[in-house]
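As a plain string of letters, each chain reads:
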Amino acid sequence: MIKTAINYQDIERIKEEGTRAFESIEKSSYKQKLVYKLLNLSKGNNQKEFFSLLLKVLNSYIDKNIHIRSFVEELKEIYPLSERDFEKISYTIIMAIMSSIKTEEKNKEV
Amino acid sequence: MEVELKTQEKERNILEFTGNWFFDLGILGFVNLMEEIYEWDLETLKEKTGNLTKNEIDALFAVAFFGKIIKDTSLSWVRKPENFSKTKLKKYFGLEIKSSEIEKLLKDTEKEIESILKEEVKKLSQSFDKIDQDYIIEIVSSINEEIKNILITKFSKYKEGLKKIFASNKKTILENCKTTGLIAYHTFFTNSFFNPAKNKKGREKEIIRGIFKMLNNYFVRDEIPNDVVDKGLSLFLYSSSLRNEYYGKIVGLRDLDKFYGINPVHYIVSFPFAFIYLRDRKYSNLTSNYCFYMNNLKLTYNINKKIKALIEKVDTNSADRRRYTIFRITWRSIIDELIENKSLLSLDNMYIIEYKSVKNQQIAGVEYIGITKLRAKILSDDNIRDKLNIILKIKKGKNDKNLEYVWVLEELIKHKPLFPIIMNHMNYIITNLVKNQKKKLQFSSKSNLLYALSTDLVLGSIEKENERESVFSEEFFAKYLDVCEEIKRTKRNLSYIGSLVSNIFRKINNDERPKLISSLFSILIKGNRSSFVNTLLKQILNQNLEEKNSNFFNLMIRFILNNDEGWRHYALSIIIGLTYSGGEENND
């Protein structure tokens, strides 16, 4: 059953939590590949596969990081989404991951 | 006592509008008439009338009125191409109608008519102390006689080549000069001064005296009692004995004089001189007489002057003709006035008064051209107005060479959306960019385009909200107050997102950039937001990711993903940012 429509605050929170969660995953090339795959799934409006791939990745880190756990909880709350909300949330998550890639590299340099 | 009377007279002669459009156009006509004959502009005329007595103003007015009508009528007689019979001119003189000899004859005649009027007017100003009714009659008669003599002298040489085109094809120009009283005809005054049946040789002085009867005794015409204002004075007025379409029955001339404190004859009679004659069908559906009006004499005068100058300029330049409609000319003049004189126009109180012809009693068409308060507010902001005051090239149809020029302000005034125009303009820019014709392109300024986008976005959202909200709510008025600030704020956001994207792609190679722009633009045309974001993110992934991108992503989420109504505007600002990167930067 589709839940109530997503609002801007929800989207901002997901972006923030997503960035924080993925910042704890260090492998940047791995994240880049993930982004490519997610972009393709998002384009095809493939919600089920999008979240299953995302959760598969997050699952392997879930015990190590509190941010990842909280992000997964957040995703549970919103799933499943209407087609329109999926468009917003999927790209927000993708941009959250992309934002984490540069932060990680910058941290490395420091 | 004398001083008091003089002050009263001075107050009385102050030239300002009355608030009634009919009289106000008369006042404008009076100003135009005095300027044409005495070469005094509005300021000079105001100064002069402030220092003159009623008799002096009456005298100046009478000479100007008759002088103008005699000049216009005689020039129209000269300019009639049918004056000459093609065959007779060939037979007796071996000349074509368009030969240089005939053209020289016409030009010389016109010049001499103009200079006679100037000389007589000069004579009047040099002998101002002896002004009285008889002297004025003498001056007007002398203008008339001298012009008649010129026409007779010039055209007599070609007597055998002339055609009978006057007085129902019974007289040539020469014969007409010999039988007519004053060379004067005006459709507005056929029932009063210049009735052709009465305007015969020998009756000139009687006709000229008519204006004094009117000025001093408020006599209009024989058939009606004195002081009754009717069609005899102006075709726009009610008439009991002649059927017409009228704009209102006004009180007697005496009452008007008391009410407005001015002699109404000057203004009612000058009414037709307020209008600009449009002889070209391209400006309007029909040839007609046109006048811009708002309730301020100086602004109305300035704007009409600009309209007239622009029409003359357009008339002589055929390339301009395609671009200018009378709507565009009028608004161009209004905007120019705003810019040049920083005029505080009340933009929501303007009218166009137009009359087509007086032949069929179809005399007037008054059109209100005010714009909504919201748009007036935008136009009165110097910065926004200047940014929207641009002409954009857009493609007309599929052919790249078929271009059209769109004036952004015109579209705004006409309540048309600006977004399609900017899309269309960018289509033209991008097509040429892909063809690698950047050097040949004249880029419009980025900030102009972003202001247009922002204005469209803000207006669209206000108008949409207005449909939902009560018009008397506090929010409704607050939006009107803030509209310019909101446009500037939105423009900053549009500009910022564009500059961030241009920074992300600053290292993209010159072959790749047009391809990316073109592909994003095609997606935007289709209106596919998901595909737009997808393509852009994939391309960003190919670039070096860095700290600044996070800002861009946040703006993408806010203005594209979470903005169902305005995302296209922001998407277009991204495309504009990419197209203009390396060129003009944010400059305001």
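The structure displayed is predicted, hence computed values, not measured ones.

> Sorry, what's going on with the overall build of chain B here?
Summing up its helical and strand segments, chain B has 24 helices and six strands in all. Out of the 588 residues belonging to chain B, those deemed buried represent 37%. Within chain B, counting contacts between residues at least 6 apart in sequence, those at least 24 apart form 66% of the total.

> Looking at this structure, how should I read the nonpolar core?
The nonpolar side chains of soluble globular proteins are, as a tendency, buried together. A:Ile94, B:Val63, B:Phe65, B:Phe66, B:Val408, B:Met556 and B:Ile575 are the most contacted members of the largest nonpolar core, which totals 168 residues. By residue number, the principal contributor to this core is helix H4 (residues 54–79) of chain B, which donates 13 residues. Residues in contact with B:Phe66, not counting those within four places in the same chain, are B:Val140, B:Ala184 and B:Ile208.

> I tried to follow the pairing of strand S2 (residues 288–294) of chain B on my own but got confused; where do I start?
Every other side chain in a regular strand lies on the same face of the sheet, so the side chains alternate between the two faces. All names here are of chain B. Within S2, five of the seven residues are buried, which leaves it mostly tucked inside the rest of the structure. Sheet analysis places S2 next to strand S3 (residues 350–355), joined by six bridges and oriented antiparallel. Each bridged residue has a counterpart across the sheet, and for Tyr290 the counterpart in S3 is Glu354.

> Just to check I follow, could you spell out the packing of H4(B) against helix H6 (residues 100–126) of chain B for this structure?
Residue and element names in this part refer to chain B. Running from N to C, H4 and H6 cross one another at 170°; their axes reach a closest spacing of 10 Å. It follows that H4 is roughly antiparallel to H6 by the angle criterion. Residues Val63, Gly67, Lys71, Ser74, Leu75 and Val78 of H4 touch H6, and the partners they reach there are Leu106, Thr109, Glu110, Ile113, Leu117, Val121 and Leu124. Here the residues of the contact of H4 with H6 sort into eight nonpolar, three polar and two charged.

> Teacher, can you tell me more about the interface of chain B and chain A here?
Note: interface size is frequently given as the accessible area lost on complex formation between the parts. At the interface, 18 residues of chain B touch 20 residues of chain A. Those elements that provide at least two residues to the side of chain B that touches chain A are helix H22 (529–542) and helix H23 (549–561) of chain B. Broken down by element, the side of chain B that touches chain A gets its largest block of residues, eight residues, from H22(B). Class assignment for the residues of the side of chain B that touches chain A results in eight nonpolar, six polar and four charged.

> Mind showing me how you'd approach helix H12 (residues 297–316) of chain B here?
Residue pairs spaced three or four apart in an α-helix point in one direction, given the helix's 3.6 residues per turn. For H12(B), which comprises 20 residues, the first-to-last C-alpha distance of 29 Å matches the rise-based estimate of 28 Å (1.5 Å per residue) to within 8%. Listed in full, the buried residues belonging to H12(B) are B:Leu299, B:Thr300, B:Tyr301, B:Asn302, B:Ile303, B:Asn304, B:Lys306, B:Ile307, B:Ile311 and B:Val314.

> Even after reading the chapter, I still don't get the packing of H6(B) against helix H7 (residues 133–156) of chain B, so can you show me in this structure?
When two helices pack together, their arrangement is given by the angle between the helix axes and by the axis-to-axis distance. Residue and element names in this part refer to chain B. Contact geometry of H6 with H7 gives a least axis separation of 10 Å together with a crossing angle of 160°. It follows that H6 is roughly antiparallel to H7 by the angle criterion. Classified by chirality, the crossing of H7 by H6 is right-handed. Touching Leu105, Thr109, Glu112, Ile113, Ile116, Leu117, Glu120, Lys123 and Leu124 of H6 are Ile139, Ser142, Ile143, Glu146, Ile147, Ile150, Leu151 and Lys154, all from H7.

> How should I be thinking about unusual backbone geometry in this particular structure?
One can expect most non-glycine residues to show negative phi and most peptide bonds to be in trans. Between A:Tyr79 and A:Pro80 the backbone carries a cis peptide bond, its omega angle lying at -10°. Tracing the sequence through the fold places A:Pro80 in the loop between helix H4 (66–78) and helix H5 (83–109). With a phi angle near 55°, A:Asn45 is a residue other than glycine that sits in the positive phi range. With respect to the helices and strands, A:Asn45 occurs in the loop between helix H2 (28–43) and helix H3 (47–59). A:Asn45 sits in the exposed class, given 12 other C-beta atoms within 10 Å. Here B:Glu39, not a glycine, exhibits a phi torsion of approximately 60°, which is positive. Mapped onto the elements, B:Glu39 comes out in the loop between helix H2 (21–38) and helix H3 (42–51).

> Honestly, the confidence of the model for chain B in this entry has me stumped. Any pointers?
As a note on interpretation, predicted positions should not be read in detail where pLDDT is low. Residue and element names in this part refer to chain B. The share of residues in chain B with pLDDT of 70 or more is 79%, and the mean pLDDT across the chain is 83. Across chain B, helix H24 (residues 567–580) holds the top mean pLDDT of 95, while helix H1 (residues 2–12) sits lowest at 56. Segment residues 583–588: pLDDT under 50, and eight contacts once partners within four positions in sequence are set aside and those in other chains are kept. The ipTM for the predicted assembly is 0.90, set against a pTM of 0.73.

> What exactly am I supposed to notice about the environment of B:Asn402 here?
Residue and element names in this part refer to chain B. By the secondary structure assignment, Asn402 is in the loop between strand S5 (391–395) and strand S6 (403–407). Counting along the chain gives 101 residues from Asn402 to Tyr301, while the straight-line C-alpha distance between them is 38 Å. Setting aside chain neighbours within four positions, we find Asn402 in contact with Lys395, Lys396 and Gly397.

Calculation criteria
- Each residue is numbered by its place in its chain's sequence as written, counting from 1.
- Chain letters start at A and ligand numbers start at 1, both assigned in the order the entries are written.
- Restriction of local features to residues with pLDDT of at least 70 applies here, the model being predicted, together with a cutoff of 80 or more for giving and counting side-chain atom pairs; totals for whole chains, interfaces and linings are based on all residues.
- Runs of H or I in DSSP of at least four residues are treated as helices and runs of E of at least two as strands, each being numbered from the N terminus.
- Our exposure labels follow a C-beta count within 10 Å of each residue's own C-beta, placed from the backbone: buried means 20 or more other C-beta atoms, exposed means 12 or fewer, and partly exposed covers the counts in between.
- For the purpose of contact definition, each residue receives a C-beta atom placed from its backbone, and two residues are in contact when these atoms lie within 7 Å.
- When buried Ala, Val, Leu, Ile, Met, Phe, Trp, Tyr and Cys residues are joined through C-beta atoms within 7 Å, the set is termed a nonpolar core.
- Strand pairing is assigned whenever DSSP identifies at least 2 bridges connecting the two strands.
- Angular values range over 0 to 180 degrees, each being the angle between N-to-C directions of two axes fitted as lines to C-alpha atoms, with helices fitted over their stretch in contact.
- Note that the term roughly parallel is reserved for angles under 35 degrees, roughly antiparallel for angles over 145, roughly perpendicular for angles of 65 to 115, and oblique for everything else.
- Charged residues are taken to be Asp, Glu, Lys and Arg, nonpolar residues to be Ala, Val, Leu, Ile, Met, Phe, Trp, Tyr, Cys and Pro, and polar residues to be all remaining types, Gly included.
- In this scheme, a helix's expected span is set at 1.5 Å multiplied by one less than its residue total.
- Rotating anticlockwise by less than a right angle from the far helix to the near helix defines a left-handed crossing, while the corresponding clockwise rotation defines a right-handed one.
- One number per residue, pLDDT, summarises how confident the predictor is, and it ranges from 0 to 100.

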